[in-house]
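Inside the fold
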Amino acid sequence: MQHIKQYIEQHKQRLLDELFDLLRFPSVSADPKYKPEVLKTADYVAKKLTEAGADKVEVCQTAGYPIVYGEKIIDPTKPTVLVYGHYDVQPPDPLELWKTPPFEPTVRDGKIYARGACDDKGQFYMHVKAFELMMQTNTLPCNIKFMIEGEEEVGSNNLGIFVKANKEKLKADVVLISDTSMISMENPSLETGLRGLSYLEVEVVGPNRDLHSGVYGGAVANPITILTKMIASMHDENNHITIPGFYDEVIALTEAERKELNAAPYNEAAYKTDLDVAELWGEKGYTTFERTGTRPTLEVNGIWGGYIGEGAKTVLPSKANAKISMRLVPNQGSAKITQLFTDHFKKIAPASVKVTVTPHHGGEPVVTPTDSIAYRAAQKAITEAFGKAPIPTRGGGSIPIVALFEAELGIKTVLMGFGLDSDALHSPNEKYDIFNYYKGIETIPLFHKYFAELSK
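The structure contained in this document is the topic of the report that follows. Just so we're clear, the structure is a prediction, and the values are computed from it rather than from any experiment.

To continue, consider the side chain of Ser398. Note on placement: Ser398 falls in the loop between β17 (391-395) and α13 (401-409). Engagement of the side chain of Ser398 in a polar contact is seen with the backbone oxygen of Arg195, the distance being 2.8 Å. Looking at Ser398, its side chain comes within polar contact range of the side chain of Arg327, at 2.7 Å. If sequence neighbours within four positions are ignored, Ser398 has contacts with Glu152, Arg195, Gly196, Leu197 and Arg327.

Before going further, it helps to examine the side chain of Thr338. Note that Thr338 resides in helix α11 (residues 334-347). Only 2.6 Å separates the side chain of Thr338 from the side chain of Ser198, close enough to count as a polar contact. Excluding its chain neighbours within four sequence positions, the residues that come into contact with Thr338 are Ser198, Leu200 and Pro359.

To continue, consider the packing of aromatic side chains. Per the stated rule, a full pass over the model turns up 11 aromatic pairs. Measuring from ring centre to ring centre gives 5.4 Å for Phe25 and Tyr44, while their planes differ by 50°; the resulting arrangement is tilted. Of the two residues, Phe25 sits in the loop between α2 (12-23) and α3 (35-52) while Tyr44 sits in helix α3, which places them 19 residues apart along the sequence. You'll find Phe25 and Tyr44 in the same group, each marked buried. A centroid spacing of 5.2 Å and a plane angle of 75° characterise the contact between Phe246 and Tyr247, whose relative ring orientation is edge-to-face. In this structure an aromatic cluster arises from ring pairing among Tyr266, Tyr271 and Phe289.

Tracing the chain through its elements places Leu409 in helix α13. Residue Leu409 is classed as buried on the basis of its relative accessible area, which comes to 18%. Leu409 sits 239 residues away from Leu170 along the chain, and the two C-alpha atoms are 7.8 Å apart. Discounting chain neighbours no more than four positions away, the residues touching Leu409 are Leu82, Val163, Lys167, Leu170 and Leu404.

Bringing the nonpolar core into the picture now. Counting 72 residues, the largest nonpolar core has Tyr87, Met416, Tyr437 and Phe447 as its most contacted members. Examining the composition of this core, we find that 10 residues originate from one element, helix α14 (residues 434-454), more than from any other. Each residue touching Met416, except ones within four places of it in the same chain, is listed here: Leu176, Ile177, Ser178, Thr180, Leu190, Ala378, Ile382, Ile444 and Phe447. Judged by nonpolar contacts, the second largest core, of 28 residues, contains Val204, Val250, Met326 and Phe341.

Here the focus is α2. Between the first and last C-alpha of α2 there are 17 Å, a value that for 12 residues agrees with the 16 Å anticipated at 1.5 Å per step. Regarding α2, the residues found buried are Leu15, Leu16, Glu18, Leu19, Phe20, Leu22 and Leu23.

Criteria and thresholds
Within any chain, residue numbers begin from 1 and follow the written order of that chain's sequence. The model is predicted, so local features are restricted to residues of pLDDT at least 70 and side-chain atom pairs to those at 80 or more, both for listing and for counting; the totals for chains, interfaces and linings are taken over all residues. Side-chain numbers come from the whole structure's heavy atoms, not from hydrogens or water. In DSSP terms, a helix is any run of H or I states spanning at least four residues, a strand is any run of E spanning at least two, and both are numbered starting from the N terminus. We define a polar contact as two N or O atoms separated by no more than 3.5 Å, with the added condition that, inside protein, one atom must be a possible hydrogen donor and the other a possible acceptor, whereas residues neighbouring each other in sequence contribute only through side-chain atom pairs. When checking whether two residues touch, look at their non-hydrogen atoms; a contact exists if any pair is within 4.5 Å. Aromatic contacts are taken between Phe, Tyr and Trp rings whose centres are within 6.5 Å, Trp giving its six-membered ring; a plane angle under 30 degrees counts as stacked, one over 60 as edge-to-face, and the others as tilted. Using a 1.4 Å probe on the protein chains alone, a residue whose accessible area is under 20% of its type maximum counts as buried, one over 50% counts as exposed, and one in between counts as partly exposed. Each nonpolar core is a collection of buried residues, namely Ala, Val, Leu, Ile, Met, Phe, Trp, Tyr and Cys, held together in the definition by side-chain atoms within 4.5 Å. One fewer than the residue count of a helix, multiplied by 1.5 Å, yields its expected span.

The structure is reproduced here in C-alpha coordinates:
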(Lines give C-alpha, C1' and ligand atoms only; values in the text may rest on other atoms or scores of the structure.)
Protein backbone atom coordinates (compact mmCIF):
# COMPACT_ATOMS: atom_id res chain seq x y z
CA MET A 1 0.00 0.00 0.00
CA GLN A 2 2.83 2.39 0.87
CA HIS A 3 4.45 2.10 -2.56
CA ILE A 4 1.11 3.05 -4.13
CA LYS A 5 0.76 6.19 -2.04
CA GLN A 6 4.39 7.15 -2.70
CA TYR A 7 4.03 6.78 -6.47
CA ILE A 8 0.86 8.91 -6.54
CA GLU A 9 2.50 11.59 -4.38
CA GLN A 10 5.62 11.70 -6.57
CA HIS A 11 3.62 12.03 -9.80
CA LYS A 12 0.60 13.93 -8.49
CA GLN A 13 0.76 16.93 -10.81
CA ARG A 14 1.53 14.91 -13.93
CA LEU A 15 -1.37 12.55 -13.24
CA LEU A 16 -3.66 15.57 -13.08
CA ASP A 17 -2.13 17.34 -16.10
CA GLU A 18 -2.64 14.27 -18.30
CA LEU A 19 -6.28 14.03 -17.30
CA PHE A 20 -6.72 17.72 -18.13
CA ASP A 21 -5.22 17.09 -21.58
CA LEU A 22 -7.75 14.29 -22.11
CA LEU A 23 -10.63 16.48 -20.96
CA ARG A 24 -9.74 19.21 -23.46
CA PHE A 25 -10.78 16.96 -26.36
CA PRO A 26 -14.46 17.71 -27.19
CA SER A 27 -15.20 14.04 -27.91
CA VAL A 28 -18.98 14.37 -28.35
CA SER A 29 -20.15 11.22 -30.15
CA ALA A 30 -23.74 12.42 -30.66
CA ASP A 31 -22.83 15.38 -32.89
CA PRO A 32 -21.05 14.69 -36.22
CA LYS A 33 -19.35 18.09 -36.17
CA TYR A 34 -17.08 16.81 -33.40
CA LYS A 35 -15.90 13.76 -35.38
CA PRO A 36 -12.29 14.94 -35.90
CA GLU A 37 -11.94 15.59 -32.16
CA VAL A 38 -13.44 12.22 -31.22
CA LEU A 39 -10.87 10.50 -33.45
CA LYS A 40 -8.04 12.53 -31.92
CA THR A 41 -9.23 11.43 -28.48
CA ALA A 42 -8.95 7.77 -29.45
CA ASP A 43 -5.38 8.36 -30.64
CA TYR A 44 -4.53 10.10 -27.36
CA VAL A 45 -5.90 7.19 -25.31
CA ALA A 46 -3.87 4.72 -27.40
CA LYS A 47 -0.74 6.83 -26.90
CA LYS A 48 -1.22 6.91 -23.13
CA LEU A 49 -1.87 3.16 -22.93
CA THR A 50 1.38 2.54 -24.82
CA GLU A 51 3.30 4.91 -22.54
CA ALA A 52 1.83 3.18 -19.49
CA GLY A 53 3.28 -0.14 -20.65
CA ALA A 54 0.54 -1.87 -22.63
CA ASP A 55 1.38 -4.17 -25.53
CA LYS A 56 -0.51 -4.66 -28.80
CA VAL A 57 -2.20 -1.27 -28.50
CA GLU A 58 -4.62 -0.78 -31.39
CA VAL A 59 -7.13 1.81 -32.49
CA CYS A 60 -9.68 -0.68 -33.82
CA GLN A 61 -11.93 0.74 -36.52
CA THR A 62 -15.67 0.14 -36.46
CA ALA A 63 -18.58 1.39 -38.56
CA GLY A 64 -18.69 4.29 -36.11
CA TYR A 65 -16.01 5.53 -33.74
CA PRO A 66 -12.99 3.34 -32.98
CA ILE A 67 -12.38 1.14 -29.96
CA VAL A 68 -8.99 1.46 -28.29
CA TYR A 69 -7.52 -1.89 -27.23
CA GLY A 70 -4.37 -2.71 -25.30
CA GLU A 71 -3.10 -5.54 -23.15
CA LYS A 72 -0.35 -6.75 -20.85
CA ILE A 73 -0.09 -10.50 -20.52
CA ILE A 74 2.48 -11.29 -17.82
CA ASP A 75 1.61 -14.99 -17.53
CA PRO A 76 -1.13 -16.85 -19.45
CA THR A 77 -1.79 -19.01 -16.39
CA LYS A 78 -2.67 -15.98 -14.26
CA PRO A 79 -6.19 -14.46 -14.16
CA THR A 80 -7.08 -11.70 -16.63
CA VAL A 81 -9.01 -8.50 -15.95
CA LEU A 82 -10.75 -6.73 -18.85
CA VAL A 83 -11.07 -3.00 -18.14
CA TYR A 84 -13.88 -1.24 -19.98
CA GLY A 85 -14.44 2.49 -20.29
CA HIS A 86 -15.50 5.11 -22.81
CA TYR A 87 -13.76 8.21 -24.11
CA ASP A 88 -16.83 9.83 -25.68
CA VAL A 89 -18.87 12.38 -23.75
CA GLN A 90 -22.32 13.92 -23.71
CA PRO A 91 -23.01 17.17 -25.63
CA PRO A 92 -22.13 20.19 -23.46
CA ASP A 93 -25.39 22.05 -24.16
CA PRO A 94 -26.77 24.35 -22.85
CA LEU A 95 -23.44 26.18 -23.00
CA GLU A 96 -24.72 29.33 -21.30
CA LEU A 97 -25.22 27.42 -18.04
CA TRP A 98 -21.55 26.48 -17.69
CA LYS A 99 -19.62 28.68 -15.27
CA THR A 100 -16.40 27.87 -17.12
CA PRO A 101 -15.90 26.42 -20.65
CA PRO A 102 -16.87 22.71 -20.74
CA PHE A 103 -13.69 21.63 -22.51
CA GLU A 104 -11.28 23.75 -20.50
CA PRO A 105 -10.96 21.88 -17.19
CA THR A 106 -11.06 24.21 -14.22
CA VAL A 107 -10.48 23.46 -10.55
CA ARG A 108 -12.78 25.02 -7.97
CA ASP A 109 -12.86 23.90 -4.34
CA GLY A 110 -10.85 20.77 -5.11
CA LYS A 111 -13.18 19.69 -7.94
CA ILE A 112 -12.43 19.40 -11.66
CA TYR A 113 -15.16 21.03 -13.76
CA ALA A 114 -15.32 19.80 -17.37
CA ARG A 115 -17.49 17.71 -19.64
CA GLY A 116 -16.42 14.09 -19.15
CA ALA A 117 -14.61 14.82 -15.87
CA CYS A 118 -16.53 12.00 -14.17
CA ASP A 119 -18.38 10.37 -17.08
CA ASP A 120 -16.18 8.66 -18.02
CA LYS A 121 -12.78 10.18 -18.79
CA GLY A 122 -11.78 10.82 -15.19
CA GLN A 123 -12.87 7.35 -14.19
CA PHE A 124 -11.44 5.23 -17.00
CA TYR A 125 -8.17 7.20 -16.94
CA MET A 126 -7.69 6.14 -13.30
CA HIS A 127 -7.25 2.62 -14.65
CA VAL A 128 -4.63 3.69 -17.18
CA LYS A 129 -2.65 5.46 -14.45
CA ALA A 130 -3.12 2.60 -11.95
CA PHE A 131 -1.76 0.26 -14.62
CA GLU A 132 1.20 2.59 -15.14
CA LEU A 133 1.80 2.58 -11.39
CA MET A 134 1.82 -1.23 -11.25
CA MET A 135 4.16 -1.43 -14.24
CA GLN A 136 6.58 1.14 -12.86
CA THR A 137 6.66 -0.46 -9.40
CA ASN A 138 6.80 -3.99 -10.83
CA THR A 139 3.64 -5.00 -8.94
CA LEU A 140 1.22 -6.03 -11.70
CA PRO A 141 -0.12 -9.33 -10.28
CA CYS A 142 -2.36 -10.47 -13.13
CA ASN A 143 -2.98 -9.98 -16.84
CA ILE A 144 -4.86 -6.89 -17.92
CA LYS A 145 -6.71 -5.89 -21.07
CA PHE A 146 -8.23 -2.54 -21.94
CA MET A 147 -11.21 -1.85 -24.19
CA ILE A 148 -12.07 1.86 -24.30
CA GLU A 149 -14.86 2.75 -26.73
CA GLY A 150 -16.15 5.96 -28.29
CA GLU A 151 -19.89 5.37 -28.64
CA GLU A 152 -21.22 4.66 -25.14
CA GLU A 153 -23.17 7.91 -25.01
CA VAL A 154 -25.02 7.02 -28.22
CA GLY A 155 -25.83 3.40 -27.42
CA SER A 156 -22.61 1.45 -28.16
CA ASN A 157 -24.06 0.35 -31.49
CA ASN A 158 -20.79 -1.11 -32.80
CA LEU A 159 -19.42 -2.56 -29.58
CA GLY A 160 -21.50 -5.73 -29.83
CA ILE A 161 -20.18 -6.39 -33.33
CA PHE A 162 -16.62 -5.88 -32.11
CA VAL A 163 -17.06 -8.13 -29.09
CA LYS A 164 -18.60 -10.96 -31.14
CA ALA A 165 -15.77 -10.76 -33.67
CA ASN A 166 -12.99 -10.64 -31.04
CA LYS A 167 -13.96 -13.13 -28.35
CA GLU A 168 -10.48 -14.63 -28.14
CA LYS A 169 -8.79 -11.24 -27.98
CA LEU A 170 -11.16 -10.17 -25.18
CA LYS A 171 -11.03 -13.44 -23.26
CA ALA A 172 -10.86 -12.63 -19.55
CA ASP A 173 -12.06 -13.71 -16.11
CA VAL A 174 -13.92 -10.53 -15.17
CA VAL A 175 -14.82 -7.10 -16.54
CA LEU A 176 -13.90 -4.14 -14.35
CA ILE A 177 -15.78 -0.88 -14.92
CA SER A 178 -15.55 2.51 -13.26
CA ASP A 179 -18.49 4.38 -14.76
CA THR A 180 -20.72 4.44 -11.70
CA SER A 181 -20.85 6.24 -8.37
CA MET A 182 -20.39 5.83 -4.62
CA ILE A 183 -22.68 7.12 -1.90
CA SER A 184 -19.82 9.35 -0.71
CA MET A 185 -16.12 9.16 0.07
CA GLU A 186 -17.10 8.84 3.75
CA ASN A 187 -19.51 6.01 2.91
CA PRO A 188 -17.93 4.03 0.06
CA SER A 189 -20.20 1.68 -1.84
CA LEU A 190 -20.21 -0.93 -4.60
CA GLU A 191 -23.02 -1.11 -7.13
CA THR A 192 -24.53 -4.56 -7.49
CA GLY A 193 -26.87 -3.84 -10.36
CA LEU A 194 -27.87 -1.42 -13.09
CA ARG A 195 -31.14 -0.59 -14.77
CA GLY A 196 -31.76 -1.24 -18.43
CA LEU A 197 -32.88 1.32 -20.98
CA SER A 198 -35.36 1.94 -23.75
CA TYR A 199 -34.71 5.25 -25.48
CA LEU A 200 -36.94 6.58 -28.24
CA GLU A 201 -38.28 9.65 -29.97
CA VAL A 202 -41.90 10.51 -30.69
CA GLU A 203 -43.42 12.91 -33.20
CA VAL A 204 -46.98 14.23 -33.27
CA VAL A 205 -48.11 15.88 -36.53
CA GLY A 206 -51.28 17.93 -36.94
CA PRO A 207 -51.88 20.27 -39.92
CA ASN A 208 -49.63 20.14 -42.97
CA ARG A 209 -48.00 23.48 -42.11
CA ASP A 210 -47.65 25.97 -39.25
CA LEU A 211 -50.87 27.96 -38.92
CA HIS A 212 -51.91 31.40 -37.68
CA SER A 213 -53.08 30.74 -34.11
CA GLY A 214 -55.80 33.38 -34.38
CA VAL A 215 -57.24 32.20 -37.67
CA TYR A 216 -57.10 28.46 -36.93
CA GLY A 217 -56.82 28.25 -33.13
CA GLY A 218 -59.82 26.45 -31.63
CA ALA A 219 -60.57 24.61 -34.86
CA VAL A 220 -57.43 22.55 -35.37
CA ALA A 221 -55.63 20.34 -32.82
CA ASN A 222 -52.37 21.79 -31.59
CA PRO A 223 -49.70 19.03 -31.71
CA ILE A 224 -47.89 20.44 -28.65
CA THR A 225 -51.08 20.33 -26.60
CA ILE A 226 -51.85 16.81 -27.77
CA LEU A 227 -48.30 15.59 -27.14
CA THR A 228 -48.18 16.99 -23.61
CA LYS A 229 -51.56 15.46 -22.78
CA MET A 230 -50.39 12.08 -24.08
CA ILE A 231 -47.19 12.23 -22.08
CA ALA A 232 -48.99 13.39 -18.93
CA SER A 233 -51.38 10.44 -19.21
CA MET A 234 -48.49 7.98 -18.88
CA HIS A 235 -48.36 8.49 -15.11
CA ASP A 236 -51.37 8.12 -12.81
CA GLU A 237 -52.05 9.97 -9.56
CA ASN A 238 -49.56 7.71 -7.75
CA ASN A 239 -46.89 8.30 -10.40
CA HIS A 240 -47.34 4.74 -11.56
CA ILE A 241 -46.68 4.18 -15.30
CA THR A 242 -49.93 3.48 -17.11
CA ILE A 243 -48.67 1.56 -20.16
CA PRO A 244 -50.53 -1.78 -20.13
CA GLY A 245 -48.20 -4.68 -19.35
CA PHE A 246 -45.32 -2.38 -18.36
CA TYR A 247 -44.86 -3.99 -14.92
CA ASP A 248 -45.65 -7.58 -15.89
CA GLU A 249 -42.05 -8.84 -15.57
CA VAL A 250 -40.97 -6.62 -12.68
CA ILE A 251 -39.85 -8.66 -9.67
CA ALA A 252 -40.66 -6.95 -6.38
CA LEU A 253 -37.90 -6.84 -3.77
CA THR A 254 -38.39 -8.94 -0.67
CA GLU A 255 -38.76 -7.12 2.64
CA ALA A 256 -35.24 -8.27 3.54
CA GLU A 257 -33.85 -6.84 0.30
CA ARG A 258 -35.68 -3.56 0.85
CA LYS A 259 -34.34 -3.33 4.38
CA GLU A 260 -30.75 -3.94 3.24
CA LEU A 261 -31.03 -1.41 0.41
CA ASN A 262 -32.46 1.29 2.66
CA ALA A 263 -29.82 0.76 5.34
CA ALA A 264 -27.45 2.96 3.33
CA PRO A 265 -26.91 6.49 4.73
CA TYR A 266 -29.43 8.98 3.34
CA ASN A 267 -30.24 12.55 4.24
CA GLU A 268 -33.40 13.67 2.47
CA ALA A 269 -32.99 17.30 3.49
CA ALA A 270 -29.47 17.41 2.03
CA TYR A 271 -30.70 15.59 -1.10
CA LYS A 272 -33.37 18.25 -1.68
CA THR A 273 -31.00 21.08 -0.86
CA ASP A 274 -28.44 19.84 -3.37
CA LEU A 275 -31.09 19.81 -6.11
CA ASP A 276 -32.84 22.98 -4.89
CA VAL A 277 -36.26 21.31 -4.81
CA ALA A 278 -38.89 21.71 -2.10
CA GLU A 279 -40.33 18.22 -2.49
CA LEU A 280 -39.34 14.89 -4.02
CA TRP A 281 -41.50 13.18 -6.62
CA GLY A 282 -41.87 9.53 -7.54
CA GLU A 283 -43.81 6.31 -7.46
CA LYS A 284 -45.92 6.15 -4.31
CA GLY A 285 -44.96 3.55 -1.73
CA TYR A 286 -41.23 3.47 -2.46
CA THR A 287 -38.18 5.16 -0.96
CA THR A 288 -35.71 7.27 -2.92
CA PHE A 289 -33.20 4.40 -3.07
CA GLU A 290 -35.90 2.05 -4.37
CA ARG A 291 -37.20 4.54 -6.92
CA THR A 292 -33.77 5.30 -8.32
CA GLY A 293 -32.31 1.80 -8.31
CA THR A 294 -34.95 -0.93 -8.29
CA ARG A 295 -38.09 0.54 -9.90
CA PRO A 296 -38.64 1.29 -13.59
CA THR A 297 -39.22 4.85 -14.75
CA LEU A 298 -40.41 6.88 -17.73
CA GLU A 299 -38.88 10.32 -18.25
CA VAL A 300 -39.13 13.02 -20.91
CA ASN A 301 -35.57 13.98 -21.84
CA GLY A 302 -36.46 16.74 -24.26
CA ILE A 303 -39.53 18.30 -25.88
CA TRP A 304 -39.89 20.85 -28.63
CA GLY A 305 -42.21 22.36 -31.22
CA GLY A 306 -43.52 25.68 -32.47
CA TYR A 307 -41.69 28.96 -32.10
CA ILE A 308 -39.05 29.30 -29.36
CA GLY A 309 -37.06 32.28 -30.67
CA GLU A 310 -36.92 35.81 -29.32
CA GLY A 311 -40.11 37.83 -29.16
CA ALA A 312 -43.55 36.61 -30.21
CA LYS A 313 -44.83 34.57 -33.11
CA THR A 314 -48.46 33.53 -32.82
CA VAL A 315 -48.21 30.16 -34.45
CA LEU A 316 -50.15 26.92 -34.20
CA PRO A 317 -47.35 24.46 -34.99
CA SER A 318 -47.53 21.67 -37.50
CA LYS A 319 -45.74 19.19 -35.27
CA ALA A 320 -44.23 18.52 -31.86
CA ASN A 321 -41.50 16.11 -30.75
CA ALA A 322 -40.14 14.56 -27.59
CA LYS A 323 -37.32 12.25 -26.57
CA ILE A 324 -38.27 9.70 -23.91
CA SER A 325 -36.23 7.25 -21.88
CA MET A 326 -37.47 4.38 -19.78
CA ARG A 327 -35.19 2.83 -17.18
CA LEU A 328 -35.83 -0.87 -16.73
CA VAL A 329 -35.28 -3.34 -13.91
CA PRO A 330 -34.38 -7.06 -13.96
CA ASN A 331 -36.64 -9.24 -16.12
CA GLN A 332 -37.87 -6.30 -18.22
CA GLY A 333 -36.62 -6.64 -21.80
CA SER A 334 -35.84 -3.43 -23.68
CA ALA A 335 -37.33 -4.67 -26.98
CA LYS A 336 -40.61 -5.67 -25.33
CA ILE A 337 -40.92 -2.40 -23.40
CA THR A 338 -40.19 -0.40 -26.55
CA GLN A 339 -42.98 -2.25 -28.34
CA LEU A 340 -45.41 -1.81 -25.43
CA PHE A 341 -44.71 1.93 -25.42
CA THR A 342 -45.11 2.19 -29.19
CA ASP A 343 -48.43 0.34 -29.22
CA HIS A 344 -49.78 2.38 -26.31
CA PHE A 345 -48.63 5.73 -27.66
CA LYS A 346 -50.32 5.11 -31.01
CA LYS A 347 -53.47 3.83 -29.33
CA ILE A 348 -53.97 6.93 -27.15
CA ALA A 349 -53.40 9.38 -30.02
CA PRO A 350 -56.61 11.15 -31.13
CA ALA A 351 -57.65 11.06 -34.79
CA SER A 352 -56.75 14.74 -35.12
CA VAL A 353 -53.00 13.93 -35.26
CA LYS A 354 -50.61 11.41 -36.75
CA VAL A 355 -47.87 9.93 -34.56
CA THR A 356 -44.51 8.29 -35.19
CA VAL A 357 -42.35 6.44 -32.66
CA THR A 358 -38.67 5.97 -33.51
CA PRO A 359 -36.57 3.73 -31.23
CA HIS A 360 -32.97 4.91 -30.78
CA HIS A 361 -31.20 2.43 -28.51
CA GLY A 362 -31.69 0.21 -25.52
CA GLY A 363 -29.99 -2.09 -23.08
CA GLU A 364 -30.82 -4.81 -20.60
CA PRO A 365 -30.85 -4.52 -16.79
CA VAL A 366 -28.25 -6.50 -14.86
CA VAL A 367 -27.56 -7.70 -11.33
CA THR A 368 -23.96 -8.57 -10.47
CA PRO A 369 -23.14 -11.39 -8.04
CA THR A 370 -21.89 -10.39 -4.60
CA ASP A 371 -20.33 -13.77 -3.80
CA SER A 372 -17.84 -13.87 -6.67
CA ILE A 373 -14.05 -13.71 -6.30
CA ALA A 374 -14.01 -10.41 -8.22
CA TYR A 375 -16.65 -8.77 -6.01
CA ARG A 376 -14.86 -9.90 -2.86
CA ALA A 377 -11.60 -8.51 -4.29
CA ALA A 378 -13.30 -5.16 -4.85
CA GLN A 379 -14.68 -5.25 -1.30
CA LYS A 380 -11.22 -5.90 0.15
CA ALA A 381 -9.61 -3.21 -2.01
CA ILE A 382 -12.12 -0.53 -1.01
CA THR A 383 -12.00 -1.55 2.63
CA GLU A 384 -8.21 -1.18 2.67
CA ALA A 385 -8.16 2.10 0.73
CA PHE A 386 -11.03 3.76 2.61
CA GLY A 387 -10.71 2.09 5.99
CA LYS A 388 -14.37 1.10 5.74
CA ALA A 389 -16.22 -1.75 4.03
CA PRO A 390 -18.31 -0.72 0.98
CA ILE A 391 -22.10 -0.68 1.16
CA PRO A 392 -23.83 -2.66 -1.63
CA THR A 393 -26.16 -0.43 -3.68
CA ARG A 394 -28.19 -0.55 -6.88
CA GLY A 395 -27.34 1.93 -9.65
CA GLY A 396 -30.08 3.92 -11.36
CA GLY A 397 -28.19 4.43 -14.60
CA SER A 398 -27.61 2.05 -17.49
CA ILE A 399 -24.49 0.53 -19.03
CA PRO A 400 -26.03 -1.67 -21.73
CA ILE A 401 -22.79 -3.47 -22.54
CA VAL A 402 -22.66 -5.18 -19.11
CA ALA A 403 -25.35 -7.61 -20.26
CA LEU A 404 -23.56 -7.91 -23.61
CA PHE A 405 -20.30 -8.97 -21.94
CA GLU A 406 -22.09 -11.65 -19.98
CA ALA A 407 -23.95 -12.95 -23.03
CA GLU A 408 -21.02 -12.92 -25.47
CA LEU A 409 -17.95 -13.43 -23.26
CA GLY A 410 -19.59 -15.42 -20.46
CA ILE A 411 -18.09 -13.24 -17.72
CA LYS A 412 -19.50 -11.07 -14.97
CA THR A 413 -18.72 -7.44 -14.25
CA VAL A 414 -17.58 -5.54 -11.18
CA LEU A 415 -18.90 -1.97 -11.01
CA MET A 416 -16.28 -0.09 -9.01
CA GLY A 417 -17.12 3.56 -9.59
CA PHE A 418 -15.66 6.55 -7.78
CA GLY A 419 -18.03 9.30 -8.92
CA LEU A 420 -20.80 10.90 -6.91
CA ASP A 421 -24.46 11.30 -7.83
CA SER A 422 -23.96 15.04 -7.33
CA ASP A 423 -21.28 15.24 -10.05
CA ALA A 424 -23.80 16.65 -12.57
CA LEU A 425 -23.37 13.88 -15.13
CA HIS A 426 -24.95 14.85 -18.47
CA SER A 427 -25.54 18.36 -17.09
CA PRO A 428 -23.74 21.70 -17.25
CA ASN A 429 -20.88 22.05 -14.77
CA GLU A 430 -20.08 18.35 -14.61
CA LYS A 431 -17.38 17.77 -12.01
CA TYR A 432 -15.10 15.18 -10.46
CA ASP A 433 -13.31 15.58 -7.14
CA ILE A 434 -9.52 15.49 -7.38
CA PHE A 435 -9.59 13.41 -4.19
CA ASN A 436 -11.78 10.80 -5.89
CA TYR A 437 -9.44 10.65 -8.90
CA TYR A 438 -6.39 9.95 -6.76
CA LYS A 439 -8.37 7.58 -4.53
CA GLY A 440 -9.34 5.55 -7.57
CA ILE A 441 -5.71 5.27 -8.69
CA GLU A 442 -4.88 4.13 -5.15
CA THR A 443 -7.68 1.55 -4.94
CA ILE A 444 -7.48 -0.10 -8.38
CA PRO A 445 -4.05 -1.76 -7.85
CA LEU A 446 -5.44 -3.26 -4.64
CA PHE A 447 -8.29 -4.80 -6.64
CA HIS A 448 -5.81 -6.49 -8.97
CA LYS A 449 -3.75 -7.66 -5.98
CA TYR A 450 -6.69 -9.27 -4.20
CA PHE A 451 -8.21 -10.64 -7.38
CA ALA A 452 -4.96 -12.44 -8.16
CA GLU A 453 -4.65 -13.73 -4.59
CA LEU A 454 -8.25 -14.94 -4.29
CA SER A 455 -8.08 -16.61 -7.72
CA LYS A 456 -5.30 -19.00 -6.64
